[in-house]
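Chain by chain, the residues run as shown.
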Amino acid sequence: MCKQDWRSTLFLVLYGLSYIFASDLPPEIQKCKAGDRKCITERINEIIRLYPKGNPTFGLDDFSLIKLNKITAARKSSNSPVQLNFILSNLELRGIEKLTMFSSKGFVKDIQNIELDFNIPLLRINSLYELDGKLLLLPIKGKGNVEIILKDAHYVVTADIDLENRQGKNYIKFNKLVSVVKPKGTIFNFENLFDGNKELTDATNKVLTDSWQDVWSELGKDFNQAFADAVLLILTPIADAISYDDYFAN
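Rules used in this analysis
Residues numbered from 1 in each chain as written. Predicted model: local features only at pLDDT ≥ 70, side-chain atom pairs only at ≥ 80, totals over all residues. Heavy atoms only, no water. UniProt positions renumbered as here; feature names shortened; annotations may be inferred. Salt bridge = Lys/Arg side-chain N within 4 Å of Asp/Glu carboxyl O. Helix = DSSP H or I, 4+ residues; strand = E, 2+ residues; numbered from the N terminus. Buried < 20%, exposed > 50% of the residue type's maximum accessible area, 1.4 Å probe, protein only. Disulfide = S-S within 2.5 Å. Core = buried A, V, L, I, M, F, W, Y, C linked by side-chain atoms within 4.5 Å. Contact = heavy atoms within 4.5 Å. 1 Å grid on protein atoms, 1.4 Å probe; cavity = no way out; pocket = protein on both sides within 12 Å on 5 of 7 lines; lining within 4 Å. Points joined across faces, edges and corners; volume = space filled by probe spheres on them. Nonpolar A, V, L, I, M, F, W, Y, C, P; charged D, E, K, R; others polar. Expected span 1.5 Å × (residues − 1).

- Going by what an unreviewed UniProt entry lists, the chain is known as Circadian clock-controlled protein and is assigned to Glossina austeni.
- Database annotation for the chain, UniProt heading Sequence similarities (unreviewed entry): "Belongs to the TO family."

1. Quick notes on the pattern of salt bridges
Move 1: Under the criterion given, the structure shown has 12 salt bridges.
Move 2: Its salt-bridge partner being Glu46, residue Arg43 comes within 2.8 Å of it at the nearest N-O pair. Here Arg43 pairs with Glu46, and both are found in helix H2 (residues 37-50), just 3 residues apart, close to one helical turn. For the residue pair Arg43 and Glu46, the accessibility class agrees, reading buried in each case.
Move 3: Between Asp202 and Lys198 there is a salt bridge, with its nearest N and O atoms 2.6 Å apart. Remark: Lys198 and Asp202 occur in helix H3 (residues 198-210); sequence separation between them is 4 residues, near one turn of the helix.
Move 4: By relative accessible area, which is 40% here, Asp202 ends up partly exposed.
Move 5: A cluster of three or more residues bridged by salt bridges with shared partners is formed by Glu164, Arg166, Lys173 and Asp240.

2. Comments concerning the state of the cysteines
Move 1: The final tally for this structure, using the stated rule, is 1 disulfide.
Move 2: In this model, Cys32 is linked to Cys39 through a disulfide, with the two sulfur atoms separated by 2.0 Å. Across the disulfide from Cys32 to Cys39, rotation about the S-S bond amounts to roughly -80°, and the bridge is consequently left-handed. Note on accessibility: Cys32 and Cys39 belong to one class, buried.

3. Some points on the nonpolar core
Generally speaking, soluble globular proteins have nonpolar side chains that are buried together.
Move 1: Membership of the largest hydrophobic core comes to 69 residues, with the highest contact counts inside it found for Leu88, Leu93, Ile96, Phe118, Leu123, Tyr155 and Phe227.
Move 2: Residue assignment for this core shows that the elements contributing at least two residues are H2, strand E1 (65-74), strand E2 (82-94), strand E4 (113-135), strand E5 (138-166), strand E6 (169-182), strand E7 (185-190) and helix H4 (212-241).
Move 3: No other element matches the 14 residues that H4 contributes to this core.
Move 4: For Phe227, the residues in contact, after removing those within four places along its chain, are Leu93, Ile96, Phe118, Ile120, Leu123, Tyr155, Ser179 and Val181.

4. What about the side chain of Thr204?
Move 1: Checked against the element boundaries, Thr204 lands in helix H3.
Move 2: Thr204 gets classed as buried once you look at its relative accessible area, which sits at 9%.
Move 3: Filtering out sequence-adjacent residues up to four positions away, Thr204 remains in contact with Leu135, Ile140, Leu193 and Phe194.

5. Looking at empty space enclosed by the protein
Move 1: Scanning all chains against the criterion turns up 3 cavities of 30 Å³ or more.
Move 2: Of the pockets and cavities examined, the largest cavity occupies roughly 690 Å³.
Move 3: At the level of secondary structure, the elements contributing two or more residues to the lining of the largest cavity comprise H2, E4, E6 and H4.
Move 4: Counting residues per element, the lining of the largest cavity draws most heavily on H4, which supplies 6 residues.
Move 5: Residue composition of the lining of the largest cavity, by class: 28 nonpolar, 1 polar and 2 charged.
Move 6: Volume-wise, the second largest cavity comes out at about 80 Å³.
Move 7: Around the second largest cavity, the lining is made up of 13 residues, and of these Leu123, Ile125, Phe223, Ala226 and Phe227 lie nearest the centre.
Move 8: Secondary-structure elements contributing two or more residues to the lining of the second largest cavity are E1, E2, E4, E5 and H4.
Move 9: The dominant element in the lining of the second largest cavity, judged by the number of residues it contributes, is H4, at 4 residues.
Move 10: The class makeup of the residues in the lining of the second largest cavity is 13 nonpolar, no polar and no charged.

6. A closer look at H2
Move 1: The terminal C-alpha atoms of H2 lie 20 Å apart, and with 14 residues this matches the ideal 20 Å at 1.5 Å per residue to within 8%.
Move 2: Looking only at H2, the buried set comprises Cys39, Ile40, Thr41, Arg43, Glu46, Ile47 and Ile48.
Move 3: At its buried positions, H2 is contacted by strand E3 (100-105).

Spelled out as structure tokens, the structure:
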């Protein structure tokens with residue numbers, strides 16, 4: 001490689017790195033003043049509408065498909081009609097890009113925590129599963145694929161936050177995320193229950209779906225944490241790409 005080519009390549013690399021470390025919101029996104037909840041909520045909805053497949057220039061990954069490793073749930077309360085142990089693995093979450101943000105709190109200059117309140121009309125979870133336990137006192141067991149659909153669910157996500165100083169600018173660091181998920185309906189479609197007995201599998205899926213409130217009451221806590229993990233996967237790259245100092249209009 002000649003000296004000129006080497007210098008050109010070095011320039012391009014340095015230029016690219018400077019762009020990465022100086023990331024900002026796209027110019028078409030109007031910045032808000034710190035603490036302006038209404039404006040910030042509108043901007044979040046605008047970003048979701050414009051970039052459902054993400055935008056790498058400011059760290060937003062494609063959130064139309066989120067992958068998680070595992071959810072483990074175990075409930076054996078003798079007073080509950082739902083006594084299940086199950087493991088979901090290789091999870092794929094679809095539908096987050098359809099969310100509507102209702103409110104966003106805490107985005108002030110001296111940020112310490114935030115609260116995001118939003119709705120997702122249809123969240124589809126596909127994964128592998130292992131399941132055993134009892135449903136309405138009847139033994140239930142299986143292993144295979146499952147689809148779980150949360151319908152018209154309301155989500156509240158809260159996060160404790162610190163600011164880290166990097167090269168003279170402040171960046172968000174998430175210490176803890178907590179989510180509370182309240183669906184208005186849940187559909188269960190487990191495959192291969194009872195060693196592949198289709199009639200028993202279909203009947204069990206119907207009972208689970210009809211009794212979704214009991215199931216969610218027992219197992220929803222584990223799904224809440226999994227969804228908090230999914231939100232953290234979306235927010236962390238943005239927090240790393242854009243300094244909090246550059247979030248707002250001067």
